[in-house]
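Below, each chain spelled out in residue letters.
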2 protein chains.
Amino acid sequence: MNKEQLISMLRENGHKVTPQRIAICEEVLSSKEHPTAEAIFEKVSKRHPAISFTTVYHTLDLLKKLELIHEIRFDNRVTRYDPNTSVHVNIICQKCGKISDYESDTVKIQWNHIISELKIQPIGQRLDAYVICGDCKE
Amino acid sequence: MNKEQLISMLRENGHKVTPQRIAICEEVLSSKEHPTAEAIFEKVSKRHPAISFTTVYHTLDLLKKLELIHEIRFDNRVTRYDPNTSVHVNIICQKCGKISDYESDTVKIQWNHIISELKIQPIGQRLDAYVICGDCKE
DNA sequence: CTCCGTGCAAATGGTTTGCATCTTA
DNA sequence: TAAGATGCAAACCATTTGCACGGAG
């Protein structure tokens, strides 16, 4: 996505175009390093010395809503502890946050295909599928 | 792992056996729900009302060192942002937090098998594989 | 001119640390 | 009795929120 496409997308969705916003979007959208908010802040600061973390976080929220980026972290920043290695899919409702597990031979077999292609031996995994659950669809 | 094995393992590694420690270990080692520290605290509190979060965290650290549990979270509690919104596997080092993407037709095909069995149409997904990367193994 | 965006400052909340007291071995 | 464990309170720190000012449309 180039600068013009980005600006169009923002305008179409009713968002204003500011220099900070453009700088942050360009930085994160072109990155291949899964940057942290701090890394983005550092990079963008060079051209916009007065920029704030608040704006970085607000802009990242915007990009999430436009589905241009994914946030990589666990639910509410808490750590989880895993005593078993069984493979399952977490089916997570994006509205109410309810999580149900789905475990089956198919899941294990398909996941094994993937990791054998990857040529790695993971010490754990997490498979999430995001949905809107039946209750929330109404 | 039963209670006797747990106690032996603790003693062999020079750790003392206390009621709180046993209760926390039993709780997390028997759990199938990837519990948070808070969930463990709540459960253990019922039998040990005076227990503290500090002890829960200390005991979880101990179990990590004994490699009886894995900690599931990203890089030192920071959030990372990923502009790659297509189906891919995040390969995440549990020591240094480095993340690399793996994207291939196999990944897409196997994941499609899984979600067609699930009979859901997810609005998004996340596939993580946790590893210790080459640099950190040394 | 109006509304949205920006950014300072303060709040939030999961996790960690300092330290005094208590327990295990 | 000594080394280690516990738990209160305070610190830590990435992220979020309240709010007043400023710039885009």
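For the structure itself, consult the block above.
Residues numbered from 1 in each chain as written. Chains lettered and ligands numbered in written order. Predicted model: local features only at pLDDT ≥ 70, side-chain atom pairs only at ≥ 80, totals over all residues. Heavy atoms only, no water.

Engineer: So what's going on with the nonpolar core? Residues and values would help.
Structural biologist: Formed by 22 residues in total, the largest nonpolar core has its most connected members in Val89, Trp111 and Leu127 of chain A together with Val89, Trp111 and Leu127 of chain B. Those elements that provide at least two residues to this core are β3 (89-93), α5 (105-118) and β5 (124-131) of chain A together with β3 (89-93), α5 (105-118) and β5 (124-131) of chain B. Within the second largest apolar cluster, 20 residues are counted, among which are Leu10, Val28, Ile40 and Ile69 of chain A. (Core = buried A, V, L, I, M, F, W, Y, C linked by side-chain atoms within 4.5 Å. Buried < 20%, exposed > 50% of the residue type's maximum accessible area, 1.4 Å probe, protein only. Helix = DSSP H or I, 4+ residues; strand = E, 2+ residues; numbered from the N terminus.)

Engineer: How would you sum up helix α3 (residues 37-45) of chain A? Please name residues and give values.
Structural biologist: Those residues of α3 of chain A not exposed but buried are Ala37, Ile40, Phe41, Val44 and Ser45 of chain A. Mapping the buried residues of α3 of chain A onto a view down its axis gives an arc of 125°, with all of them on the same face. (Arc of directions from axis to C-beta.)

Engineer: Report on the pairing of β3 of chain B, specifying residues and quantitative values.
Structural biologist: Residue and element names in this part refer to chain B. Burial analysis of β3 places five of its five residues in the buried class, the great majority of the element. Across the two faces of β3 the burial is the same, with Val89, Ile91 and Cys93 and Asn90 and Ile92 all buried. With four bridges joining them, β3 and strand β4 (residues 99-102) adopt antiparallel strand pairing. Its bridge partner being in β4, asparagine 90 is matched across the sheet by aspartate 101. Here five bridges tie β3 to β5, and the two strands are oriented parallel to one another. Its bridge partner lying in β5, valine 89 is registered against leucine 127. (Pairing = 2+ DSSP bridges.)

Engineer: Before we move on, can you summarise the packing of aromatic side chains with the specific residues and values?
Structural biologist: Residue and element names in this part refer to chain A. This model, assessed by the stated rule, comprises four aromatic pairs over all chains. Ring centres of phenylalanine 41 and phenylalanine 53 lie 4.2 Å apart, and the angle between their planes is 15°; this geometry places the pair in the stacked category. Here the residue phenylalanine 41 occupies a position in helix α3, and phenylalanine 53 occupies one in helix α4 (residues 53-65), the gap between them amounting to 12 residues. Residue phenylalanine 53 is classed as partly exposed on the basis of its relative accessible area, which comes to 34%. A connected cluster of aromatic rings, assembled from ring pairs, spans Phe41, Phe53 and Tyr57. (Phe/Tyr/Trp six-rings, centres within 6.5 Å; stacked < 30°, edge-to-face > 60°.)

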